[in-house]
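Each chain is listed here by its residues.
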Amino acid sequence: MKVTMIGTGYVGLVTGTCFADLGHEVICLDNDAKKVERLKKGEIPIFEPGLEDMVQHNVRAKRLSFTTSYADAIPGRDAVFIAVGTPTKETDGSADLSAVYAVARELARHLTGYTVVVDKSTVPVGTGDEVEAIIRKENPKADFDVASNPEFLREGSALDDFMKPDRVVIGADAERPRAVMQALYRPLTMHETPMIYTSRATAELTKYAANAFLATKVTFINEIADICERVGADVQDVSRGIGLDSRIGSKFLQAGAGFGGSCFPKDTLALTGTARKVGSPTLIVEAVMEANTERKRRMAKKIIAACGGDLKGKTLGVLGVTFKPNTDDMRDAPSLDIVPLLQEAGAKIRAYDPEGMEEARKYLSGIEWAKDAYGVMPGADALLILTEWNEFRVLDFDRIRSLLKAPLVIDLRNVYAPAEMADAGFTYHSVGREVASPRKR
């Protein structure tokens, strides 16, 4: 099938490339000419494991191409996906849909033949109706339908999430667009991928509901972790104890520094805005948002306390600044709140991240950036783990101890076992577990 993906951000580039890998003819359209030229050369503007190789493979196979021209990308296509950003408005916290609507107006002028216009961007309920109205106004003769196909891609594992999804949700209010979407996803349904066909409004709400629920699980286990620290329990054992209950499930029950990224903060805020607008406030989700904001402040206080209550003149080595491993995404990363609070308290920060330092420089200032993990440690008063990159799971304890001024490790991702760190001679603070003190070696 002939597919166009409008927007080459994280969702658009991954989705377009994966559709090409399934055998479809895909054009990725973006108004950023420099980005398009980079993509044509095989240069990937984001970090996602496996994506660069998949892009280059499908470009060579002539199934994937890039352009800035609507005239080249829209006419005669079976499906046109809108995958542009829907950031949070600073004024009221709602989703900014200006890019979605601008794309709808532009693509309308170039439609020929029957086309399914698909909202892939995460959008509030009713956006599909507005997109349809815009296209009909701009091109009354156009033969098209609008569908919703929310994405459920996790950064760091997006290719697997597309190729082996838990489910594919198709929101369309007629059989004709459903048939096109079914044909588009047929290579996946051959492997028994669950396909959920529903109304457009239901599909739009499903995405927000999913992210709000997952954000709630994260926030819940973080609050349980705080209780664990007060009563001498182990949050990881608690997580396992409740996660093995099939009604609850084990995913998103890892205590830490709070959620961040491109989805949870933005989508929970947008959902609460929609809910209040229709007179059905989501009090649980609002509490989750408030608790997550407070979580980051609590983590900064936890670090300060672990360092003796005073950071003036102290150097902290920080491992990881991205909101999660296997991505260079800094959007709403906990480090963006925690690090400045530590700096305000007087700390000098020396940091390293395997992929996120270039992006982090746009948001964090006054940081000394190291070339590797051990580069943050010489003379540091404490070592902090803020992101659980795999390379931080196999550090040389003897080398760490020889480099740090004091054998103090504060791990906000529970990478190591307290007993292991105590045996290695460290004072070890983690989340939802008792503080480990160094044992005689």
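Remember, predicted model here, so these are calculated numbers, not experimental data.

Cut-offs applied
- Residues numbered from 1 in each chain as written.
- Predicted model: local features only at pLDDT ≥ 70, side-chain atom pairs only at ≥ 80, totals over all residues.
- Heavy atoms only, no water.
- Helix = DSSP H or I, 4+ residues; strand = E, 2+ residues; numbered from the N terminus.
- Buried < 20%, exposed > 50% of the residue type's maximum accessible area, 1.4 Å probe, protein only.
- Axes fitted to C-alpha atoms, helices over the stretch in contact; angles between N-to-C directions.
- Left-handed = near helix turned anticlockwise from the far one by under 90°.
- Contact = heavy atoms within 4.5 Å.
- Nonpolar A, V, L, I, M, F, W, Y, C, P; charged D, E, K, R; others polar.
- Polar contact = N/O pair within 3.5 Å; in protein donor to acceptor, adjacent residues only side chain to side chain.
- Disulfide = S-S within 2.5 Å.
- Phe/Tyr/Trp six-rings, centres within 6.5 Å; stacked < 30°, edge-to-face > 60°.
- Pairing = 2+ DSSP bridges.
- Core = buried A, V, L, I, M, F, W, Y, C linked by side-chain atoms within 4.5 Å.
- Salt bridge = Lys/Arg side-chain N within 4 Å of Asp/Glu carboxyl O.
- Expected span 1.5 Å × (residues − 1).
- Arc of directions from axis to C-beta.
- Parallel < 35°, antiparallel > 145°, perpendicular 65-115°, else oblique.

(A) Here's a closer look at unusual backbone geometry. Positive phi outside glycine occurs at Lys62, with the angle close to 60 degrees. Mapped onto the elements, Lys62 comes out in the loop between helix H3 (51-60) and strand S3 (64-67). For Lys62, a relative accessible area of 73% puts it in the exposed group. Within the chain, Asn414 stands out as a residue other than glycine whose phi angle is a positive 55 degrees. Mapped onto the secondary structure, Asn414 falls in the loop between strand S13 (408-411) and helix H17 (418-423).

(B) Structural detail: the packing of helix H5 (residues 98-108) against helix H6 (residues 127-138). At their nearest, the axes of H5 and H6 sit 8 Å apart, and the two run at 35 degrees to each other. Viewed along their axes, H5 and H6 form a crossing whose handedness is right-handed. For the pair H5 and H6, the contacting residues are Val100, Tyr101, Ala104, Arg105, Leu107 and Ala108 in the first and Thr127, Glu130, Val131, Ile134, Ile135 and Glu138 in the second. Class assignment of the residues belonging to the contact of H5 with H6 gives a composition of eight nonpolar, one polar and three charged.

(C) Layout of the environment of Asp173. Positionally, Asp173 belongs in the loop between strand S7 (168-171) and helix H8 (175-184). Here the alpha-carbon distance between Asp173 and Ser199, two residues 26 residues apart in the chain, equals 5.4 Å. With near-sequence residues (within four places) excluded, Asp173 lies in contact with Ser199 and Arg200. A distance of 3.2 Å separates the side chain of Asp173 from the backbone nitrogen of Arg200, its partner in a polar contact.

(D) The state of the cysteines, seen in detail. Within this structure, the stated rule accounts for zero disulfides. Free of any disulfide, Cys28 has its nearest cysteine sulfur in Cys18, 11 Å distant. Residue class for Cys28 comes out buried when judged on its relative accessible area of 0%.

(E) Structural context of the packing of aromatic side chains. A complete count under the given rule lists nine aromatic pairs for this structure. An angle of 45 degrees between the planes, with centres 6.0 Å apart, marks the rings of Phe252 and Phe264 as tilted. One end of the pair, Phe252, is in the loop between helix H11 (235-243) and helix H12 (264-277); the other, Phe264, is in helix H12, and twelve residues separate them in sequence. Judged by relative accessible area, Phe252 falls into the partly exposed class, the value being 28%.

(F) Broad picture of the sheet that holds S13. Reading across from one edge, S11-S10-S9-S12-S13-S14 is the order of the six strands in this open sheet, with parallel pairing throughout. Strands at the two margins of the open sheet, each flanked by one partner only, are strand S11 (367-369) and strand S14 (427-429). Taking each pair of neighbouring strands and ignoring which way they run, the sheet shows an average axis angle of 25 degrees. Sheet topology places S13 next to S14; three bridges connect them, and they run parallel. In the sheet register, Val409 faces S14, and the bridge partner there is Tyr428. Lying on the sheet, helix H13 (residues 283-306) is in contact with strand S9 (315-319), strand S12 (382-385), S13 and S14; it crosses S13 at an angle near 165 degrees.

(G) Representation of the environment of Glu344 in the model. Here Glu344 lies in helix H14 (residues 335-344). Assessed through its relative accessible area of 66%, Glu344 is described here as exposed.

(H) Examining the nonpolar core more closely. Ile303, Leu316, Leu342, Ile349, Ile400, Ile410 and Leu412 are the most contacted members of the largest nonpolar core, which has 62 residues in total. Among residues more than four places away in sequence, those in contact with Leu412 are Ala255, Gly256, Ala257, Met299, Lys302, Ile303, Ile338, Ile385, Leu386 and Val431. Residues Val14, Ile44, Val118 and Leu188 belong to the second largest nonpolar core, which totals 39 residues.

(I) Geometry of the pattern of salt bridges. One pass over the full model with this rule turns up 28 salt bridges. A salt bridge links Glu37 to Lys40; its shortest N-O distance comes to 3.7 Å. A residue pair is termed a helical-turn pair when its members lie 3 or 4 positions apart in one helix, as Glu37 and Lys40 do in helix H2 (residues 33-40) at three residues. Classification of Glu37 as partly exposed rests on a relative accessible area of 40%. The class of Lys40 is partly exposed, set by a relative accessible area of 45%. For Arg109, the salt bridge identified is with Glu138, shortest N-O distance 3.5 Å. Linking Arg109 in the loop between H5 and strand S5 (115-119) with Glu138 in helix H6, this pair joins segments that are 29 residues apart in sequence.

(J) View of the side chain of Thr15. By the element assignment, Thr15 lies in helix H1 (residues 10-21). Among the polar contacts listed, one links the side chain of Thr15 to the backbone oxygen of Val11, at a separation of 2.7 Å. With near-sequence residues (within four places) excluded, Thr15 lies in contact with Met5, Lys120, Leu153 and Phe162.

(K) Representation of H6 within the structure. In this model H6 runs 17 Å from its N-terminal to its C-terminal C-alpha over twelve residues, within 8% of the 16 Å that 1.5 Å per residue would give. All buried positions along H6 are accounted for by Thr127, Gly128, Val131, Ile134 and Ile135. In a view along the axis of H6, the buried residues occupy a sector of 120 degrees, so they form one face of it. Those residues of H6 hidden inside the fold are in contact with strand S4 (79-82), H5, S5, strand S6 (144-148) and helix H10 (200-231).

(L) A look at the packing of H10 against H11. It is at 9 Å that the axes of H10 and H11 come closest, and there the two elements cross at 135 degrees. One element, H10, and the other, H11, form an angle in the oblique class. Crossing hand, H10 versus H11: right-handed. Contacts between H10 and H11 involve Phe220, Ile221, Ile224, Ala225 and Cys228 from the first element and Val235, Val238, Ser239 and Ile242 from the second. Looking at side-chain class alone, the contact of H10 with H11 contains eight nonpolar, one polar and no charged residues.

Function cannot be inferred from these measures alone, as they are strictly geometric.
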